Amino acid sequence: MNKKMIFKAAFLVPVLLLASCVNLKKVNDYATNSTRSLNQFEELGYTFVKACNEVCQLEQLDKQQLREAECDCRNEQAADSMTSAIYSALKGYFEVISKISGK
C-alpha cells in the first residue's frame with residue numbers, strides 16, 4: 001500500500017465510525033411511534049375495494065338505477081393486497097428496530 005492509501009484509510013475509518021453512532025433512544029422512539037401510526041392505519045378499516053364499491057353505488061344513483069350492479073374492483077383488490085404486504089413489512093421492520101434499539 002502506498003502512503004496516500006494509508007492516509008485515506010486512516011482518515012476515513014474514524015470518520016465513518018463517528019458518523020454511524022446514533023442515539024438509540026431516539027431510534028427506539030421513532031420506531032415505536034411509527035408502529036403506533038401503522039396500527040392507526042389498520043384501525044381505519046377503509047380499503048380500495050370499499051372505495052370502489054362506494055363509487056360504483058354513486059354512479060348507479062347518478063344513473064337513477066337502484067338495482068345492485070356488478071362492480072369490477074379487481075384492480076382495487078390488487079392494490080389492497082400490495083398495501084397489506086407493504087404494511088406488514090413496515091410494521092415488522094419497525095417492531096424489530098424498536099426491539100433492537102432498546103426497551
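What you see is a predicted model; the values in this text were computed from it and never measured. (Residues numbered from 1 in each chain as written. Predicted model: local features only at pLDDT ≥ 70, side-chain atom pairs only at ≥ 80, totals over all residues. Heavy atoms only, no water.)

(A) Representation of a nonpolar patch on the surface. A cluster of nonpolar residues, Phe41, Leu44 and Tyr46, forms a patch on the protein surface that exposes about 340 Å² of accessible area. Tracing the backbone through its elements, the reader meets Phe41 in helix α2 (residues 24–44). (Patch = residues over 30% accessible without salt bridge, like charges linked within 9 Å, V, L, I, M, F, W, Y side chains within 5 Å. Areas by Shrake-Rupley, 256 points an atom, 1.4 Å probe, with all protein chains shown as cover. Salt bridge = Lys/Arg side-chain N within 4 Å of Asp/Glu carboxyl O. Helix = DSSP H or I, 4+ residues; strand = E, 2+ residues; numbered from the N terminus.)

(B) Inspection of the side chain of Ser34 at higher detail. Relative to the elements of secondary structure, Ser34 occurs in helix α2. At 2.8 Å, the side chain of Ser34 and the backbone oxygen of Tyr30 are in polar contact. (Polar contact = N/O pair within 3.5 Å; in protein donor to acceptor, adjacent residues only side chain to side chain.)

(C) Spatial organisation of helix α4 (residues 74–100). Taking 1.5 Å per residue, 27 residues should reach 39 Å; α4 reaches 39 Å between its end C-alpha atoms and fits that length. Burial in α4 covers these residues: Asp80, Tyr87, Lys91, Phe94 and Ser98. Those residues of α4 that are buried are in contact with α2 and α3 (48–62). At the C-terminal side of α4, Gly102 shows a positive phi close to 150 degrees. (Expected span 1.5 Å × (residues − 1). Buried < 20%, exposed > 50% of the residue type's maximum accessible area, 1.4 Å probe, protein only. Contact = heavy atoms within 4.5 Å.)

(D) Seen up close, the state of the cysteines. For the coordinates displayed, the defined rule picks out two disulfides. Between the sulfur atoms of Cys52 and its disulfide partner Cys73 the distance amounts to 2.1 Å. Here Cys52 and Cys73 share a disulfide; its torsion about the S-S bond, -85 degrees, makes the bridge left-handed. Pair noted here: Cys52 is in helix α3 and Cys73 is in the loop between α3 and α4, with a separation of 21 residues, a long-range link. Like Cys73, Cys52 is buried. One disulfide in the model links Cys56 with Cys71; its S-S distance is 2.0 Å. In this structure the cystine formed by Cys56 and Cys71 twists about its S-S bond by roughly -95 degrees; its chirality is therefore left-handed. With Cys56 in helix α3 and Cys71 in the loop between α3 and α4, this pair connects stretches of sequence that are 15 residues apart. (Disulfide = S-S within 2.5 Å.)

Shape is all these values report; function is a separate question.
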